[in-house]
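Descriptive analysis of the structure
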Amino acid sequence: PAVNVGLAQINNGFSEQHYLPYSVGFLQAHAEKHAPDPSRYRFSLPLYKRIHRDAGVDHLAPADIVGMSVYVWNFNISAAISQALKEARSDRLMVFGGPHVPDRAEAFLRQHAHVDVAVHGEGERTFLALLEAYPENDWSRIAGISYLADDGTFVHNPKVPRLRDLASIPSPYLSGTFAPLIEANPDEVW
């Protein structure tokens, strides 16, 4: 069966312009290019702007896996949406990455029980590995993550080595990843 994937990179709401969700666009473009069976994944349109928590929950509700790119300016709303999604469906995999995820993530994961996996460093290969591990969720050999094991033990896997060939990750602009989002929002100023 197909795996529904929702991505969120909630950008600021201080102007009339909106930014395409660049970091999660890379996650999707990389997965669609490098997954052994890309048809296994159905990506919903990414959540890219600040909206009410309940609307964000509704938008991401169909997802089996939710990836959130978090920054200081979007962490609180992202966490509120994530917590509500996890309460609605405890088996939903919640993955947080981005600059607001600390490298030393044990306290972060214990404080935010709705987050299943914290991603450290470059996320494209790591996120694809998490997608491929679903639904068994054996993360023991996935580099670049932290999580709490079933027994509550904190696990921190070593980071993924830095990517040397940037061309291996397709551009979300050039690959057409953003085209459905742009088409669905014709009145948006990007």
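Preceding this paragraph is the structure being described.
Per chain, residue numbering runs from 1 following the sequence as it is written. Where totals are concerned, whole chains, interfaces and linings use all residues; where local detail is concerned, this predicted model gives features only for residues with pLDDT of at least 70, and gives and counts side-chain atom pairs only at 80 or more. For the side-chain quantities, the full set of heavy atoms in the structure was used; hydrogens and water were omitted.

1. Points about the overall build of the protein
Defined as follows: Strands are runs of DSSP state E lasting at least two residues, helices are runs of H or I lasting at least four, and both sets are numbered from the N terminus onward. For every residue, the accessible area (1.4 Å probe, protein chains only) is compared with the maximum for its type, and the residue is labelled buried under 20%, exposed over 50%, or partly exposed between those bounds. Surface accessibility follows the Shrake-Rupley procedure with a 1.4 Å probe radius. Residue values consider only the protein chains on display as shielding. Under this rule, positive means Lys or Arg and negative means Asp or Glu; His and the chain ends count for nothing. Lys charges are placed at NZ, Arg charges at CZ, Asp charges at CG and Glu charges at CD.
Counting its regular elements, the protein contains six helices and eight strands. In the protein, the succession of helices and strands from N to C terminus is β-α-β-β-α-β-α-β-α-β-α-β-β-α. Expressed along its principal axes, the backbone C-alpha trace of the protein runs to roughly 50 × 35 × 30 Å. Residue burial in the protein is summarised as follows: out of 190 residues, 48% are buried. As displayed, the protein offers around 9800 Å² of accessible surface, 53% of which is attributable to carbon and sulfur atoms. The averaged location of the 22 negative side-chain charges in the protein is 5 Å from the averaged location of its 16 positive side-chain charges.

2. Focus on the pairing of strand 7 (residues 145-148)
Heads up, the condition is: Strand pairing is assigned whenever DSSP detects at least two bridges linking the two strands.
Note: strand 6 (residues 117-119) against strand 7, three bridges, orientation antiparallel. Bridge pairing in strand 7 links V117 to Y147. As defined by bridge partners, strand 7 adjoins strand 8 (residues 154-156) across three bridges and the pair is classed as antiparallel. What sits directly across from Y147, in strand 8, is V155.

3. Notes on helix 1 (residues 22-34)
In an α-helix, one turn spans 3.6 residues, which is why side chains three or four residues apart end up on the same side. Definition in use: Every helix has an expected span of 1.5 Å times one less than the residues it contains. Contacts are assigned to residue pairs with any non-hydrogen atoms lying within 4.5 Å of each other.
When the terminal C-alpha atoms of helix 1 are compared, their 18 Å separation across 13 residues agrees well with the 18 Å that a helix rising 1.5 Å per residue should span. All buried positions along helix 1 are accounted for by V24, G25, F26, L27, Q28, A29, H30 and A31. The inward-facing, buried residues of helix 1 contact strand 1 (3-11), strand 2 (41-43), strand 4 (65-69) and helix 5 (124-133).

4. Topic: the environment of E136
With respect to the element layout, E136 can be found in the loop between helix 5 and strand 7. Here E136 falls in the exposed class, since its relative accessible area comes to 63%. Spatially, the C-alpha atoms of E136 and T153 are 18 Å apart, while their sequence positions differ by 17 residues.

5. Observations concerning the pairing of strand 5 (residues 93-97)
Rule in force here: When the strands point away from the viewer, a crossover counts as right-handed if the path from the first strand over the helix to the second runs clockwise.
Judged by how many residues are buried, strand 5 sits mostly within the fold: five of five residues are covered. Bridge count for strand 4 against strand 5 is five bridges, and the pairing is parallel. Its bridge partner being in strand 5, I65 is matched across the sheet by L93. Crossover strand 4 to strand 5 through helix 3 (residues 75-88) is right-handed. As judged from the two bridges shared by strand 5 and strand 6, these two strands associate in the parallel manner. Residue V95 lies in a different strand from strand 6, and its bridge partner there is V117. In this view, the connection linking strand 5 to its parallel neighbour strand 6 by way of helix 4 (residues 106-111) has right-handed handedness.

6. Some words on the pattern of salt bridges
The condition that has to hold: Salt bridge criterion: a side-chain nitrogen from Lys or Arg within 4 Å of a carboxyl oxygen from Asp or Glu.
Evaluated as defined, the whole model comprises nine salt bridges. Ionic pairing is found between D91 and R89, a salt bridge with its closest N-O pair at 2.8 Å. Between K159 and D103 there is a salt bridge, and its shortest N-O distance comes to 3.6 Å. Linking K159 in the loop between strand 8 and helix 6 (179-184) with D103 in the loop between strand 5 and helix 4, this pair joins segments that are 56 residues apart in sequence. Judged by relative accessible area, which is 46%, K159 ranks as partly exposed. A cluster of three or more residues bridged by salt bridges with shared partners is formed by D64, R89 and D91.

7. So, a nonpolar patch on the surface
Inclusion rule: Only residues whose relative accessible area exceeds 30% and that take part in no salt bridge are eligible for patches, with like-charged residues grouped when within 9 Å of each other and nonpolar side chains (Val, Leu, Ile, Met, Phe, Trp, Tyr) grouped when within 5 Å.
Residues Y22, Y173 and L174 make up a contiguous nonpolar surface patch of about 390 Å² in total accessible area. Structurally, Y22 is set in helix 1.

8. Quick look at the packing of aromatic side chains
The description of an aromatic ring pair uses the distance of the two centres, along with the angle that the planes make with each other. Selection rule: A pair of aromatic rings is counted whenever rings of Phe, Tyr or Trp (Trp by its six-membered ring) have centres within 6.5 Å, and the orientation is called stacked for planes under 30 degrees apart, edge-to-face for over 60 and tilted otherwise.
Under the criterion given, the structure shown has eight aromatic pairs. Centroid distance Y22 to F26: 4.6 Å. Interplanar angle 70 degrees. Geometry classified as edge-to-face. A residue pair is termed a helical-turn pair when its members lie 3 or 4 positions apart in one helix, as Y22 and F26 do in helix 1 at four residues. Judged by its relative accessible area of 40%, Y22 is partly exposed. When the ring of Y173 is compared with that of F178, the centres are 5.2 Å apart and the planes differ by 65 degrees; the resulting orientation is edge-to-face. One aromatic cluster is present, formed by Y22, F26, Y173 and F178 through successive ring pairs.

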